[in-house]
Amino acid sequence: MKLFPMVAACLLAGPVGVASAAERPPPGASSCAGCHAEGAAMGAIDGRPEAEIAAALAAYRSGTRPDSVMGRIAKGFSEAESQAIAAYLARQGQP
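Model, not experiment: these values are computed from the prediction.

The rules behind each value
- Position numbers for residues count from 1 along each chain, tracking the sequence in the order it is written.
- Per-residue local features of the predicted model are confined to residues with pLDDT of at least 70, and side-chain atom pairs are confined, for both listing and counting, to 80 or more; whole-chain, interface and lining totals are unaffected and use all residues.
- Water and hydrogen atoms were dropped before computing side-chain values, which therefore reflect all heavy atoms in the structure.
- Strands are runs of DSSP state E lasting at least two residues, helices are runs of H or I lasting at least four, and both sets are numbered from the N terminus onward.
- Relative accessibility decides the category of a residue: with a 1.4 Å probe and only protein chains considered, values under 20% of the type maximum give buried, values over 50% give exposed, and everything between is partly exposed.
- For this analysis, residues touch if any pair of their heavy atoms sits within 4.5 Å.
- All accessible areas in this document rest on Shrake-Rupley with a 1.4 Å probe, and a residue is counted as covered only by the protein chains that are shown.
- Here an axis means a line fitted to C-alpha atoms, over the contact stretch when the element is a helix, while the angle between two N-to-C directions is reported on a 0 to 180 degree scale.
- Take the far helix as your reference; a near helix turned counterclockwise from it by less than a right angle gives a left-handed crossing, and one turned clockwise gives a right-handed crossing.
- For this classification, Asp, Glu, Lys and Arg are treated as charged, while Ala, Val, Leu, Ile, Met, Phe, Trp, Tyr, Cys and Pro are nonpolar and the rest, including Gly, are polar.
- To form a nonpolar core, buried Ala, Val, Leu, Ile, Met, Phe, Trp, Tyr and Cys residues must be joined to one another through side-chain atoms within 4.5 Å.
- To estimate how far a helix should reach, multiply one less than its number of residues by 1.5 Å.

1. Side note on the overall build of the protein
For step 1, the next point in the chain: In terms of regular secondary structure, the protein is built from five helices and zero strands.
For step 2, the next point in the chain: Starting at the N terminus, the α and β elements of the protein follow one another as α-α-α-α-α.
For step 3, the next point in the chain: Burial analysis of the protein (95 residues in total) assigns 37% to the buried set.
For step 4, the next point in the chain: Partitioning the contacts of the protein with sequence separation of at least 6, the portion at a separation of at least 24 is 59%.
For step 5, the next point in the chain: Counting only carbon and sulfur atoms, one obtains 60% of the accessible surface of the protein, whose full area is about 5,500 Å².

Written out as structure tokens, the structure is:
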């Protein structure tokens, strides 16, 4: 099954983008880097608006924005965790 290695890579990847050395990513933020780092297949999300990222995670979590990979990943985060991830990613510079 091709999906498992991709999800595992997303979950094991390091922090997204050019994170400040002083700021530690919130739990779960590192799961985004495998697919959303600069040059990655799904495109970078660093520096995108916090509200946009939070809304996308909420939509994936609720199933209103269906996606087999993101749906599974987003359902692993609470709303507060998703908001923290969105805020962190929004503070990162665009690649």
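2. Structural notes on the packing of helix α3 (residues 50-62) against helix α5 (residues 79-91)
For step 1, the next point in the chain: At their nearest, the axes of α3 and α5 sit 8 Å apart, and the two run at 145° to each other. For α3 against α5, the interelement crossing comes out right-handed. Contact residues: E50, I53, A54, L57 and R61 in α3; E79, S82, Q83, I85, A86, A87, L89 and A90 in α5.
For step 2, the next point in the chain: Class assignment of the residues belonging to the contact of α3 with α5 gives a composition of eight nonpolar, two polar and three charged.

3. Considering the nonpolar core
For step 1, the next point in the chain: Of all hydrophobic cores here, the largest spans 17 residues; its most connected members are L57, I85 and L89.
For step 2, the next point in the chain: Only α3, α4 (68-74) and α5 provide two or more residues apiece to this core.
For step 3, the next point in the chain: Looking at this core, the element that brings in the most residues is α3, giving five residues.

4. Regarding α3
For step 1, the next point in the chain: Here α3 spans 18 Å end to end across 13 residues, near enough to the 18 Å set by a 1.5 Å rise per residue.
For step 2, the next point in the chain: Buried within α3 are the following residues: I53, A54, A56, L57, A59 and Y60.
For step 3, the next point in the chain: Elements that come into contact with the buried residues of α3 comprise α4 and α5.
For step 4, the next point in the chain: Immediately downstream of α3, the backbone of G63 shows phi near 90°, a positive value.

5. A word on the environment of M70
For step 1, the next point in the chain: Within the secondary structure, M70 is located in helix α4.
For step 2, the next point in the chain: The exposure class assigned to M70 is buried, which follows from its relative accessible area of 17%.
For step 3, the next point in the chain: In this structure, the C-alpha to C-alpha distance between M70 and C32, residues 38 residues apart in sequence, is 9.6 Å.
For step 4, the next point in the chain: Not counting residues within four places of it along the chain, the set of residues in contact with M70 comprises H36, L57 and Y60.

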